[in-house]
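# Observations on the model geometry
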Amino acid sequence: RRVLLLGEGNFSFAAALCGARDTHVVATCYESEEEAAGRGGAARSIRRLRDSGAEVVFSVDCTKLREHFSPGKREFDRVYFNFPHCGRKAGVAKNRELLARFFRSCAEVLAQDGEIHVALCNGQGGTPADQPRREWHNSWQIVAVAAGAGFILSNVHPFKAEAIHGYKSTGYRSQDKSFCVEGALNHIFTRSTAPPCSTPVSCKAQLGSQKVSFQVPQILVDKINRGFLEVNSSHPVRTIKEKLSTGLSQAFPVQNISSCLPLLHQGHPDGVCPSNIFWVPLSPGEPPSTEGTSQGLENAVLFSQFGQDTDGNMQGGCPIPKQFCLRPSLLPHAQAEIKTGAFSPGTLHVLSGPVFRKGRISPHSMPVFHEMLVVLAVSRGTENSCVQMLVENIKTTTSSLHQGVGGVKPSISLQEATSFGTEPNEFAAFEWQLGEIQHFLCVGAEPEPSGSCVGVIRTAPDEFKSSELVFILVSLNLDLLAMLLCGISDWRMLWTWDRRFLRQFPEGELRLFKSFSLYPPSYEHDVSFWVPDGEGFDEVAFHSLARRVSGEMVTSIQLRDSFQQPGTGRRSLCYRVTFQSCDRALGCQEAVEMQLRFREEMQHKLGVTLR
């Protein structure tokens, strides 16, 4: 591997590396050879480097690396920059700018899977790893600075100077003096993945004898057709689904129904708030593109189409006849199958697939997730014992999954719907809209209504019951289960395009997830506006717009102030919007541009007047 060392003072660090196996060292410094050789011990280290075959290059500007290396010698596997500093008494602002230009320069010479190692004195970096931690404005803000050049912090560990043979720091205030490196940290950066493609995408589907097409809502474009539940997938949601099915088969015969589940739902799902639905206007006939790629998307074929964007909002205020939406649940399909008598008594029928729901932004509220719906027909009078058997089986399987992962053993509980609480999480709240619920299945150290509900248990309404049979339906949110079992704090990580995520789950093995993007920077922006007179404000539409404009980079929207103007009665709202990525670089300038686009779109889509 090719290793580039920048800003060497006396070359003692480079000399310690030059004997490493299969490593070619290129050691550089900013000064001329004459100036560098005058530092204590530098001449001896330079001779050692040259004798070992390493390259030593002088007068190298770390902000213009492209100029110092020919095209064939620009790809470095590692770049080291220990204790960068502008010199003398330069303040934090100048050193931030130095780092920003350094990272931009590194982007031109670093190999695709390469690493950048930056050692900083205690407190300079501004991350929680610093002890004590400086105030943000008084730090070098290294993670935010690196993000501006497309890099994420993937690891951080102590800089152990005593473990580096012969190493001696030098250059204190541009002098041949050492400085304190106690508590120093080595920050390791890697390239971020590029933002997902935002090209509008359309699907075509067969409805009876007619072929129709529809445009996928923009916030779902990078989530459609991901194939997480397919046979060759090693994604944790598929692993959990398969393990649960295997566990359930210990108590009941199991039949998986994984194909031919319609992606579209016709009409308005009973009881569901229209603002929680992704509505999709249909276009008859063949779509503009003649070539499509079939990827097993429940009777839909994908193709690219450049056209008008859509958020999947309902048009005209109420559903029109034959209006379609992306399925918000597998429950309506199961209920339709119950009416046809398709489910045989005593057999567990398992349906699974992605479902689509609009909701407010939070770490556990996702616009799409994988639902596992279990349907069991039992004799009337035995439903309570069968529910208990199902729950115990799910508890046992989930506990065994967690034991394989490690960490704190979860508490898995069944809670009566009447005692669940008044503030369920988004998943539970939406399930209430779909019909009466008897029990909630919760996972957590201490089950709380605010975030641990992963499943609901209900019996089919009376219209689906016969004089002899009762249908038990168990709906599980596989994405939430994966997050709780694998220690994933943000649902967006399940949908990342970064290959480092799936590498942590080889061949479907469940493990505790270790984030490859540490301490991602966050940016807060406030927005105030007047609400249109005589109209209510649709917060779900507001959150959905933020999701689309930012590409799911908004992590929080908090109401800061509500004001009603005396005399006119006009209402003004002020929200704080927080931008943060969990898996890729998000720089300050990019966040500012997102905020500006969001403000512009709010006026057009929501009809508000900015203040």
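Residues numbered from 1 in each chain as written. Predicted model: local features only at pLDDT ≥ 70, side-chain atom pairs only at ≥ 80, totals over all residues. Heavy atoms only, no water.

## Some words on the overall build of the chain
- Within the chain, the secondary structure is distributed over 14 helices and 26 strands.
- Relative to its 611 residues, the chain shows a buried fraction of 53%.
- When contacts within the chain are restricted to residue pairs at least 6 apart in sequence, those whose partners lie at least 24 apart make up 72%.
- Carbon together with sulfur atoms contributes 48% to the accessible area of the chain, which is approximately 28,000 Å² in total. (Helix = DSSP H or I, 4+ residues; strand = E, 2+ residues; numbered from the N terminus. Buried < 20%, exposed > 50% of the residue type's maximum accessible area, 1.4 Å probe, protein only. Contact = heavy atoms within 4.5 Å. Areas by Shrake-Rupley, 256 points an atom, 1.4 Å probe, with all protein chains shown as cover.)

## So, the packing of helix α13 (residues 539-550) against helix α14 (residues 588-606)
- Look at α13 against α14: their axes get within 10 Å of each other, and the N-to-C directions meet at 135 degrees. Overall, the two elements α13 and α14 adopt an arrangement that is oblique. For the pair α13 and α14, the sense of crossing is right-handed. On α14, the residues touching A541, F542, L545, A546, R548, V549 and S550 of α13 are M594, R597, F598, E601, M602, K605 and L606. (Axes fitted to C-alpha atoms, helices over the stretch in contact; angles between N-to-C directions. Parallel < 35°, antiparallel > 145°, perpendicular 65-115°, else oblique. Left-handed = near helix turned anticlockwise from the far one by under 90°.)

## What about the sheet that holds strand β12 (residues 279-280)?
- Spatial strand order, β11-β16-β12: three strands in an open sheet with antiparallel pairing. Each end of this open sheet is capped by a strand with a single partner; those strands are β11 (264-266) and β12.
- Judged from the three bridges that link them, β11 and strand β16 (residues 324-326) form a sheet pairing that is antiparallel. Among the inter-strand pairings, L264 is bridged to a residue of β16, identified as L326. (Pairing = 2+ DSSP bridges.)

## Some points on empty space enclosed by the protein
- Tallying each qualifying case throughout the model produces one cavity of 30 Å³ or more.
- Around the largest cavity, the lining comprises 13 residues; the ones closest to its centre are I152, S517, P520, P521 and R584.
- Those elements that place two or more of their residues in the lining of the largest cavity are α6 (142-147) and β6 (151-158).
- With three residues, β6 is the largest single contributor of residues to the lining of the largest cavity.
- Shared between two domains, the lining of the largest cavity takes at least three residues from each, and those domains are domain 1 (2-191) and domain 3 (523-610). (1 Å grid on protein atoms, 1.4 Å probe; cavity = no way out; pocket = protein on both sides within 12 Å on 5 of 7 lines; lining within 4 Å. Points joined across faces, edges and corners; volume = space filled by probe spheres on them. Domains from an automatic or database assignment.)

## A closer look at unusual backbone geometry
- The linkage connecting Q131 with the following residue, P132, adopts the cis geometry, with an omega of 0 degrees.
- Structurally, P132 is set in the loop between β5 (110-120) and α6.
- The phi torsion at F11 lies on the positive side, around 65 degrees, for a residue other than glycine.
- Mapping F11 onto the fold places it in the loop between β1 (2-6) and α1 (12-17).
- Among the residues examined, F11 registers a relative accessible area of 0% and is labelled buried.

## Re the nonpolar core
- Membership of the largest hydrophobic core comes to 96 residues, with the highest contact counts inside it found for L220, I240, L326 and V375.
- In terms of residue count, the dominant contributor to this core is strand β18 (residues 368-379) (nine residues).
- In this structure V375 touches A334, I338, F343, T347, L348, H349, L351, F471, I472 and L473, once residues within four positions along its chain are discounted.
- Ranked by size, the runner-up nonpolar core spans 30 residues in total, among them F81, L98, I142 and A149. (Core = buried A, V, L, I, M, F, W, Y, C linked by side-chain atoms within 4.5 Å.)

## A short note on the layout of surface pockets
- Looking at the largest pocket, its volume works out to about 1,200 Å³.
- Counting only elements with at least two residues in the lining of the largest pocket, the list comes to α1, β4 (76-82) and α5 (92-106).
- Per element, the largest residue contribution to the lining of the largest pocket is six residues, and it comes from α5.
- For the lining of the largest pocket, a count of residues per class yields 19 nonpolar, 17 polar and 12 charged. (Nonpolar A, V, L, I, M, F, W, Y, C, P; charged D, E, K, R; others polar.)

## Brief notes about the pattern of salt bridges
- Within this structure, the stated rule accounts for 20 salt bridges.
- With a shortest N-O distance of 3.3 Å, R78 and E115 are connected by a salt bridge. Here the residue R78 occupies a position in strand β4, and E115 occupies one in strand β5, the gap between them amounting to 37 residues.
- Residue E115 is classed as partly exposed on the basis of its relative accessible area of 23%. (Salt bridge = Lys/Arg side-chain N within 4 Å of Asp/Glu carboxyl O.)

## Overview of helix α11 (residues 478-486)
- Counting buried residues in α11 gives eight out of nine residues, a clear majority hidden from the surface.
- Looking only at α11, the buried set comprises L478, D479, L480, L481, A482, M483, L485 and C486.
- Looking at where α11 begins, the residue whose side-chain oxygen comes 3.1 Å from the main-chain nitrogen of D479 is N477.
- Two residues or fewer past α11, G487 is found with a positive phi of approximately 70 degrees. (Polar contact = N/O pair within 3.5 Å; in protein donor to acceptor, adjacent residues only side chain to side chain.)

## Some points on the side chain of R357
- In this structure, R357 sits in the loop between β17 (348-356) and β18.
- Here E431 takes part through its side chain, which lies 2.6 Å from a polar atom of the side chain of R357.
- What R357 contacts, discounting residues up to four positions off in sequence, is N276, F278, P328, S329, M366, P367, F369, F427, F430, E431 and L434.

## So, the packing of helix α7 (residues 236-248) against α11
- Two elements in contact, α7 and α11, have axes whose closest approach is 9 Å; the angle formed by their N-to-C orientations is 100 degrees. With respect to α11, the axis of α7 lies roughly perpendicular. Two secondary-structure elements touch here, α7 through P236, V237, I240, K241 and L244 and α11 through L478, D479, L481, A482, L485 and C486.
- Along the lines of polarity and charge, the residues of the contact of α7 with α11 split into nine nonpolar, no polar and two charged.

## With respect to the confidence of the model for the chain
- Averaged over every residue, the pLDDT of the chain is 86; residues scoring 70 or more account for 89%.
- Low confidence marks residues 287-309, where pLDDT is under 50. Its contacts with residues over four positions away, or in another chain, come to 56 contacts.
- For residues 314-321, every residue scores under 50 in pLDDT, and the model assigns this stretch nine contacts once sequence neighbours within four places are set aside. (pLDDT = per-residue confidence, 0-100.)

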